[in-house]
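# Fold and contact review
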Amino acid sequence: MQTVELLCDAPLDRAVRAVWQRLADGGVDSLADNPHPGHRPHLTLAACARMPDGAVERLDRLLTDALPLTVRLTGLLSFSARSRRRVLSWSVVPTVELMRLHQGVWEVLEHAEEPDPHYVPGRWSPHVGLTRRLAPEDVTLAHALLGRHPDLTGAFDAARGFDSATQRARPLGSP
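Described in the following lines is the structure provided in the data block. These numbers come from a predicted model, not from an experiment.

Our focus in this paragraph is the overall build of the protein chain. Counting its regular elements, the protein chain contains four helices and eight strands. Mapped in sequence order, the helices and strands of the protein chain form the string β-α-β-α-β-β-α-β-β-α-β-β. Expected size for 175 residues packed as a compact globule is a radius of gyration near 16 Å; at 16 Å, the protein chain falls within 12% of this value. Seen through its C-alpha atoms, the protein chain measures out along the principal axes to roughly 45 × 35 × 30 Å. Each of the 175 residues in the protein chain was classed as buried or not, and the buried ones make up 43%. By element, 50% of the accessible surface of the protein chain is carried by carbon and sulfur atoms, the whole surface being about 9,100 Å². Each charge sign in the protein chain was given a centre, from 20 positive and 21 negative side chains, and these centres are 4 Å apart.

Right, dumping it as structure tokens:
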């Protein structure tokens, strides 16, 4: 799969990593333990098997104009994973600016091969991942560890494309 991701600015990155660590310290399989050297907090805008020709250049222009983007993280989302397992995420408020950017990314990716239906307009729930696949009792533990999870305002200030086949990321837009 190839993805288009927004990356957190330094303060937002630290805040998300602190939540990952709080979960890990409490015994929850959080993203703090992801061994990939390029892993970091992010918001996935799109995922597909292959981007169409010329998409990277068009995405560069679109993302350069859109970033930085102020966002608010609020509340926890739980997505189903395989079997009875769940993934816990921090919800991102879908502002007009974020939704326009998301729509613009998919206009660029209109002819992408095998778009992931979870990320297409109308189906996408913007979020920043917190855990890996959890058993139901671990979801309960995660909620207990986090308590009333606070809202947080921050910014996405960079973007990247990630290719799961090569395990490589490339910057998108201007830094």
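And the narrative resumes.
Across the interface, helix H1 (residues 10-25) lies against helix H4 (residues 136-146) with an axial gap of 10 Å and an inter-helix angle of 120°. By the angle class used here, H1 and H4 are oblique. Judged by the sense of rotation from one axis to the other, the crossing of H1 with H4 is right-handed. Note on element contacts: H4 touches H1 through Ala-142, Leu-145 and Leu-146, opposite Val-19, Arg-22 and Leu-23.

Each value, and the rule that gives it
Residue positions are given per chain, counted from 1 along the sequence in the order it is written. With the structure being a predicted model, the display of local features is reserved for residues of pLDDT at least 70 and the display and counting of side-chain atom pairs for 80 or more, all residues being used for whole-chain, interface and lining totals. Where side-chain values are given, they derive from all heavy atoms of the structure, hydrogens and water being excluded. Every helix listed is a DSSP run of H or I at least four residues long, and every strand listed is a run of E at least two residues long, numbered separately from the N terminus. Computation of the radius of gyration draws on C-alpha atoms alone. For the globule rule, the value is 2.2 Å times the number of residues to the power 0.38. To sort residues, take the accessible area from a 1.4 Å probe on protein chains only and compare it with the maximum for the residue type: under 20% means buried, over 50% means exposed, and anything in between is partly exposed. Where accessible areas are quoted, they stem from the Shrake-Rupley method and a 1.4 Å probe; at the residue level, only the protein chains shown are allowed to cover. Charge assignment in this entry is limited to Lys and Arg as positive and Asp and Glu as negative, and neither His nor the chain termini are counted. Taken as the charge location is NZ of Lys, CZ of Arg, CG of Asp or CD of Glu. Angles shown run from 0 to 180 degrees and are taken between the N-to-C directions of axes, each axis being a line fitted to C-alpha atoms and, for helices, limited to the stretch in contact. Our angle categories are set so that under 35 degrees counts as roughly parallel, over 145 as roughly antiparallel, 65 to 115 as roughly perpendicular, and the remainder as oblique. Helix crossings get a hand from a simple test, with the near helix turned counterclockwise from the far one by less than a right angle marking a left-handed crossing and a clockwise turn marking a right-handed one. What makes two residues a contact is simply this: any of their non-hydrogen atoms within 4.5 Å.

Functional significance is not addressed by these values, which are geometric in nature.
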